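# Survey of secondary and tertiary structure
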Amino acid sequence: MTTEKLRPRPHLDSLGPQRSSRSAGDHLLFLAEALRTFHDTGALAPSGEDLVNALTVPATSRPNRPISVLEVGAGTGVVTRRLAQVLLPGDRLHVVEANPRFADRLREDPVLAARRPGVALRLSACRVEELPQDKTNETGRAGGAGETDERYDVIVSGLPFTNFEPAQVRRLLDLYLRLLLPGGELTYFGYLGTTTARTLSSGPRQSARHRAVVRLLRRFEATYGLGERTVWRNLPPARAYLLRAPGGREDWGPTSPPEPPAGEAAADEAPSRTRTAAGRPIGSAGDR
């Protein structure tokens, strides 16, 4: 495992041309890695702007104190860049990316380098399961002597759960709950129509594995879910999920969800509901 702090550089006055060329390079790199390791990448292109908006809502609907954010499976960094732009001095962003090519791209990213002073950014080039698993108390501080892993207010997961075995997905979800502070929030997404596509393109064993993962995710969402949002303007269309770990959130403000809008189209995996986080709709905020 490689963990390193990425230090901010002086603010870049203009990133327009760099952003355009970097976006094209990100798409090419993402496609190349998807073709090489689709099991771990899970997509052919980075997430679009609307999906990024939905995934980063907990970092914008936040308490009046510094927060700690964990991003798992950052890819080429479209969500990472959004997080770096919305976080405030005193906040911490921990990025975990197991693909070494993606990790190298993140180290060189000018948007991440130009983040606000006082926003701590650290990159771990490993799988999230390989992070240290020492015990911490509810503040995220060590319960005993020695260095421990911190706990987080927000986790954004870009992992392709439906590519994994059910037992691995269960371990990941349990790990996320352990890493979240009480009342902390988790977002992740899944593409629409994957059950049908898997049934048509794979054998019975893979189809059964896929359906078992979907059932596991739906049970997890029924227990911890705050809501979900269908993102049609994405390639392919996706659904973002917002969940909350058990525990208090007294300092975060109201979270009462409105009734879901009538007539919203549903994916084959589950009906869609639009809810709010801290009084703001999922996806109200501006790229995996």
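Residues numbered from 1 in each chain as written. Predicted model: local features only at pLDDT ≥ 70, side-chain atom pairs only at ≥ 80, totals over all residues. Heavy atoms only, no water.

## Considering the pattern of salt bridges
Working definition: two side chains of opposite charge can pair if their charged atoms are close together. In plain terms, the rule: The working definition used for a salt bridge is a side-chain nitrogen of Lys or Arg within 4 Å of a carboxyl oxygen of Asp or Glu. Every helix listed is a DSSP run of H or I at least four residues long, and every strand listed is a run of E at least two residues long, numbered separately from the N terminus.
Here the structure, examined in full by the defined rule, presents eleven salt bridges. Note that E150 is salt-bridged to R122, the shortest N-O span being 2.8 Å. With E150 in the loop between β4 (120–125) and β5 (152–157) and R122 in strand β4, this pair connects stretches of sequence that are 28 residues apart. One continuous salt-bridge network, built from bridges that share partners, spans R92, R122 and E150.

## Some details on the sheet that holds β5
Using the following cut-off: Here, any two strands with at least 2 DSSP bridges between them count as paired. Between N-to-C directions, angles span 0 to 180 degrees; the directions come from axes that are lines fitted to C-alpha atoms, helices contributing only their stretch in contact.
Pairing is mixed across the open sheet formed by eight strands, whose spatial order is β1-β4-β3-β2-β5-β6-β8-β7. Bordering the open sheet on either side are β1 (2–6) and β7 (225–231), each of which pairs with just one other strand. On average, each strand axis in the sheet is inclined to that of its neighbour by 15 degrees, with strand direction left out of account. Direction of pairing for strand β3 (residues 92–96) relative to β4: parallel, over a ladder of five bridges.

## A look at the side chain of R115
Our working rule: We call a residue buried when its accessible area falls under 20% of the maximum for its residue type, exposed when it is over 50%, and partly exposed in between, using a 1.4 Å probe and counting protein chains only. Neither His nor the chain ends is counted toward charge; the positive residues are Lys and Arg and the negative residues Asp and Glu. Whenever a nitrogen or oxygen atom comes within 3.5 Å of another N or O atom, the pair is scored as a polar contact, on the condition that within protein one atom can donate a hydrogen and the other can accept it, and that pairs from neighbouring residues in sequence are kept only if both atoms are in side chains.
Along the chain, R115 falls in the loop between α7 (110–113) and β4. Of the side chains bearing the opposite charge, D109 lies closest to the buried R115, which forms no salt bridge; the N-O distance is 8.9 Å. Only 2.8 Å separates the side chain of R115 from the backbone oxygen of V119, close enough to count as a polar contact.

## Considerations on the packing of helix α8 (residues 166–179) against helix α10 (residues 204–224)
To be explicit about the condition: Angles are sorted into four bins: roughly parallel if under 35 degrees, roughly antiparallel if over 145, roughly perpendicular if 65 to 115, and oblique for all others. Whether a crossing is left-handed or right-handed is set by the direction in which the near helix is turned from the far one by less than a right angle, anticlockwise for left-handed and clockwise for right-handed. Only heavy atoms matter for contacts: two residues are in contact if any of them lie within 4.5 Å across the pair.
Two numbers describe how α8 lies on α10: the axes approach to 9 Å, and their chain directions differ by 20 degrees. Classified by the angle their axes make, α8 and α10 are roughly parallel. Here α8 and α10 pass one another in a crossing that is right-handed. Only R209, A212, V213, L216, L217, F220 and Y224 of α10 make contact with α8, whose side of the interface consists of P166, V169, R170, L173 and L177.

Read these as geometric descriptors, not functional statements.
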